[in-house]
Amino acid sequence: MGFSIEMNWEIVTHKHSERLGERSFRLVKEGYHLYPLDTAIAIQTEEDKAPFGTAIITKVEWGTGRTTLYYELVSLTSVN
């Protein structure tokens, strides 16, 4: 039995993030994804678009075939 996991170095939201606070967000992605924690990484709306800022992932949860990211937007370079 295998375990499929994808390693990511940027956050791609596809405009599905949920705002939790002023700069805090939650994003649920299908499948299991591995991200660096406590490190500033690029955030973008689509794979083929330029990043609009940077975020720090503070928590990752895996369950029922989904990955839930909790992140804080730390800089904004353009309005998406």
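Cut-offs and rules
Residues numbered from 1 in each chain as written. Predicted model: local features only at pLDDT ≥ 70, side-chain atom pairs only at ≥ 80, totals over all residues. Heavy atoms only, no water. Pairing = 2+ DSSP bridges. Helix = DSSP H or I, 4+ residues; strand = E, 2+ residues; numbered from the N terminus. Contact = heavy atoms within 4.5 Å. Core = buried A, V, L, I, M, F, W, Y, C linked by side-chain atoms within 4.5 Å. Buried < 20%, exposed > 50% of the residue type's maximum accessible area, 1.4 Å probe, protein only. Phe/Tyr/Trp six-rings, centres within 6.5 Å; stacked < 30°, edge-to-face > 60°.

Asks: Tell me about the sheet that holds strand β4 (residues 24-30), and name the residues and values.
Replies: Taken in spatial order, the 6 strands make up an open sheet running β2-β6-β7-β8-β4-β3, and their pairing is mixed. Two strands close off the open sheet at either side, each with one partner strand: β2 (10-12) and β3 (18-19). Taken together, the 3 bridges between β2 and strand β6 (residues 40-44) define a ladder with parallel strand orientation. Pairing of I11 across the sheet is with I43, part of β6.

Asks: I'd love a proper account of the pairing of strand β8 (residues 66-76), names of residues and values included.
Replies: Taken together, the 7 bridges between β4 and β8 define a ladder with antiparallel strand orientation. Residue pairing across strands places K29 opposite T67, the latter belonging to β8. With 10 bridges connecting them, strand β7 (residues 53-63) and β8 associate as antiparallel partners. Residue pairing in the sheet places K59 in a bridge with Y70 of β8. Adjacent in sequence and paired antiparallel, β7 and β8 are bridged by 2 residues, among which T64 carries a positive phi angle near 45°.

Asks: Any details on the side chain of T13? Residues and values, ideally.
Replies: Along the chain, the position of T13 falls in the loop between β2 and β3. In this structure T13 touches L27, I43, Q44, T45 and Y71, once residues within four positions along its chain are discounted.

Asks: Describe the pairing of β6, listing the residues and the values that go with them.
Replies: Pairing of β6 with β7 involves 4 bridges; the strand directions are antiparallel. Paired with A42 across the bridge in β7 is T54.

Asks: Before we move on, can you summarise the nonpolar core with the specific residues and values?
Replies: I11, F25, L27, Y35, I41, I43, F52, A55, I57, L69, Y71 and L73 form the largest nonpolar core, which has 12 residues in total. The element contributing the most residues to this core is β8, with 3 residues. If we ignore the near neighbours within four places in the chain, the residues touching L73 are R23, F25, I43, F52, T54 and A55.

Asks: Talk me through the packing of aromatic side chains; I want residue IDs and the actual numbers.
Replies: Summed over the entire model, instances satisfying the criterion amount to 2 aromatic pairs. Taking the centre distance of 5.4 Å and the plane angle of 15° together, the rings of F25 and Y71 count as stacked. Note that F25 is positioned in strand β4 and Y71 in strand β8, a separation of 46 residues in sequence. Each of the two residues, F25 as well as Y71, counts as buried. On the numbers, 5.9 Å between centres and 65° between planes, the contact of Y32 with W62 is edge-to-face. You can see Y32 sitting in the loop between β4 and β5 (33-34) and its partner W62 sitting in strand β7, a full 30 residues away along the chain. According to the relative accessible area criterion, Y32 is partly exposed, its value standing at 23%.

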